[in-house]
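The primary structure of each chain is shown beneath.
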Amino acid sequence: MPEPLKPELLTSGPLLSVRDLEIVFRIDGQDVPVVRDLSFDIEAGETLGIVGESGCGKSITALSLLGLVPNPPGRVSKGQILLNGEDLTRAGEARLNAVRGNDISMVFQEPMTSLNPVYTIGEQIAETVRVHFGLSRAAAWDRAVEMLSQVGIPSPKTRAHDYPHQLSGGMRQRVMIAIALVCEPKILIADEPTTALDVTVQAQIFDLFQDLQERFGAAIILITHDIGVVAQMTDRVMVMYAGRKIEEGSVASFIRDPRHPYTRGLISCIPHLSLPPSDVPAPLFEIPGVVPSARELGASGCAFAPRCSHASGRCAAETPTLFPVGDGRSAACWLEVEAAR
Amino acid sequence: MTETANVLEARDLVVHFPTGDGQAVHAVDGVSFVIPAGTAFGLVGESGSGKTTVAMACARLTDITSGSVYLQGEEITHLERGALKAVRRHVQVVFQDPYASLNPRERARDIVRRPLDLMGIGTKQEREARVDALFATVGLRSEQKDLFPHQFSGGQRQRIGIARALATSPKLLICDEPVSALDVAIQAQILNLLGRLKGELGLAFLFISHDLAVVQHLCDRIAVMYLGQIVEIGARRDIFSRPRHPYTHALISAVPSPHTIGASTRIRLKGDPPSPISPPAGCRFAGRCAHTVEICRRATPTLEAGDTGHAVACHRADDPEVVAVRDMLVRASSG
Ligand SMILES: Nc1ncnc2c1ncn2[C@@H]1O[C@H](COP(=O)(O)OP(=O)(O)OP(=O)(O)O)[C@@H](O)[C@H]1O
Ligand SMILES: Nc1ncnc2c1ncn2[C@@H]1O[C@H](COP(=O)(O)OP(=O)(O)OP(=O)(O)O)[C@@H](O)[C@H]1O
Ligand code: SF4
Ligand SMILES: [Mg+2]
Ligand SMILES: [Mg+2]
């Protein structure tokens, strides 16, 4: 890799601070909130994991940080997104473009929809490099090939001339990662970056992430369904359910001592690799019921209550707020409040 | 076991994709396996090693360069369009992305009924009844039949995809990363469902996944692919208690475990994966293997089955050096 081309960040306080974020989608003439009361911080050099049920708002939260909530039908309706103190919810398109090129980059969840089918992968990476570093076409092309090699694409020189459809799913994913890393962002948002990859390539990609972190003090926001990945990669974990943060804490506390009943269910659902394996695998634990849609959610009450075996009258009536449970951890569950009494 | 007890058999399957300049991508290079009824065969391995291509060849959705595929004992390798109907009926595919594979403008009931319409199976009433039964099988409520895909959760959409795949009562269900886009709560529901279908309907599965824990949970036999070839194949118990190939070791060691926060016993592969356009002579893994000796680069190791049907393509699989790695992995897992 070339020498760092950008000066270190010299600020104190969180690199990114999200405050009381609300994101709504306009559905049938109504503003339906899909993210509510969401606050979190991330420091330079830190990795924050975001986990939670499908549809709970992880990707849309990530998109909001880049000013990419599809509008219409969506918009950020409340709150602030502070990048080094600057509120990005008030930034214009030109400023957001600069942020996207220089400060925050993202590996999107669907690689096929985010690659342009009519350009070769080499052209797509080189174009990003050229715009960002102002390199010549030839130099940008070389950098693109080098980047392809770093993300583990075999014969990168030849493969750079391929179009997206000529690559396997995992290779397309790696091209996306190459594009996100090539600009050496301060914040890397990776939305399910390695689900399409085998575990050895996944490990190699995570090495690249950590390298970015060590050399540039980059912060990483990692969205994933893989609890093993969370354990290995993140420092802190935020659990979301139905648009809200319901638990936050260190990765160790998340895995070893989850507090919110949803988080506990989540941890119990996962199959474990064991050597040697059990003779007959038992059925996996299932959390009963389904997550309510954003429109079904009542104005108050815990969104998990209909599926929770501990739910009481209070749970259905009042929305629990995040309650500190020690060690800088918090959980939004009435059980914790009662227990603390 | 007689030949026809196998729902699917692939023999020396080869699929090459021509590149523009007269060369070819060796996507699949001599792959053989059988899948008996009521069992799940898992394919794991490197990204780009040819797993999806194997699946597409077995469903006759991609051209087969050489070798043969048998469906219930009948060769289907070169069947022409009309004759492929039976293949379409008996081999169904569930794709990774439940959303992209469902038509957003069709109601759930129409999506599930479509294969029956296309193949002219049953009367109109019979088809509707079949749709009701399928909704029940996959755990969807019948009042959800009139909804559109966007009105379902990801897991429910994957259930629609599975119901559609089951409509023609296939013998083989090919699942290419069916749960990797789903959260773990939904994944658990789908895996339990697939396990039930295997037991109750005697369905055979070709199951592709990068998640070794998921494969261990569902599959009875497992093959590990590297660069177009199977490098190790065996029963679930053998693969996960006595993994023998150095690449299998690397895979198992790289699985991020929720138990070992931060730390890992990961075996780092050196170098880059070789090009599938001009695969190296000798062992295709030699350039990246920690145990390579001179013979590895010269002679191609063959997939040799022991008495248990546990086969490995490695010159040094029984070498104490390689066996020691396996023992280390097993210790690390139980420790
Ligand atoms: N363009 C859109 N129009 C309407 N609703 C949308 C749109 N995009 C997202 N939503 C809704 O916003 C909510 C949050 O979606 P989001 O994609 O953030 O979920 P997620 O947590 O990333 O889920 P997954 O784990 O499945 O990727 C969902 O209820 C979704 O239906
Ligand atoms: N239509 C095609 N034209 C040219 N090459 C192809 C085509 N489809 C696949 N390939 C190549 O064949 C090889 C095998 O691809 P395949 O999609 O089967 O891999 P895979 O094991 O499923 O990988 P992944 O785990 O990333 O999904 C790859 O090198 C891929 O680039
Ligand atoms: S044959 Fe040689 S190079 Fe190939 S896996 Fe075995 S030891 Fe490694
Ligand atoms: Mg998402
Ligand atoms: Mg594939």
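The structure under discussion appears in the preceding block.
Right, let's walk through the structure included here. (Residues numbered from 1 in each chain as written. Chains lettered and ligands numbered in written order. Predicted model: local features only at pLDDT ≥ 70, side-chain atom pairs only at ≥ 80, totals over all residues. Heavy atoms only, no water.)

1. Brief notes about unusual backbone geometry
Residues and elements named next belong to chain A. The following threshold applies: Where helices and strands are cited, they refer to DSSP runs of H or I of at least four residues and of E of at least two residues respectively, numbered from the N terminus. The buried label applies to any residue whose accessible area, calculated with a 1.4 Å probe on protein chains only, is under 20% of its type's maximum; exposed applies above 50%, and partly exposed to all values in between.
Between Asn71 and the following residue, Pro72, the backbone shows a cis peptide bond with an omega angle of -15°. Within the fold, Pro72 resides in the loop between α1 (58-65) and β4 (74-83). The omega angle of the peptide bond from Pro72 to Pro73 is 10°, so this bond is cis rather than trans. Phi angles above zero are rare outside glycine, and Ser155 is one such case at about 40°. Looking at where Ser155 falls in the secondary structure, it is placed in the loop between α5 (137-150) and α6 (156-159). Judged by relative accessible area, Ser155 falls into the partly exposed class, the value being 26%. A positive phi angle is found at Asp327, which is not glycine, with a value near 55°.

2. Brief notes about the sheet that holds β4 of chain A
All names here are of chain A. Note the cut-off: Any two strands are treated as partners once DSSP identifies two or more bridges connecting them. Note on contacts: a residue pair qualifies if any of its non-hydrogen atoms lie within 4.5 Å across the two residues. Only the stretch in contact is used when fitting a helix axis, every axis being a line fitted to C-alpha atoms; angles between N-to-C directions are given from 0 to 180 degrees.
If you walk across this open sheet you meet the four strands as β2-β1-β4-β5, and the pairing is antiparallel. Of all strands in the sheet, those with a lone pairing partner are β2 (30-42) and β5 (86-87), marking the two edges. Relative to β2, strand β1 (residues 16-27) runs antiparallel, the two being bridged by nine bridges. Across the sheet, Val24 pairs through a bridge with Pro33, a residue of β2. The strands touched by α1 are β1, β2 and β4; relative to β1, the strand with the most contacts, the crossing angle is about 115°.

3. What to know about the environment of Ile267 of chain A
All names here are of chain A. Assignment of secondary structure puts Ile267 in helix α11 (residues 261-269). Using a relative accessible area of 16% as the deciding quantity, one classes Ile267 as buried. C-alpha separation for the pair Ile267 and Phe254, spaced 13 residues apart in sequence, amounts to 8.8 Å.

4. Considerations on the sheet that holds strand β1 (residues 6-18) of chain B
Residues and elements named next belong to chain B. With antiparallel pairing, the four strands of this open sheet are ordered in space as β2-β1-β4-β5. Across the chains shown, the open sheet's two edge strands, defined by having one partner strand only, are β2 (24-36) and β5 (74-75). For β1 and strand β4 (residues 66-71), the ladder comprises five bridges, and the chain directions are antiparallel. Bridging across to β4, Val14 finds its partner in Ser66.

Any link to function would need more than the numbers given here.
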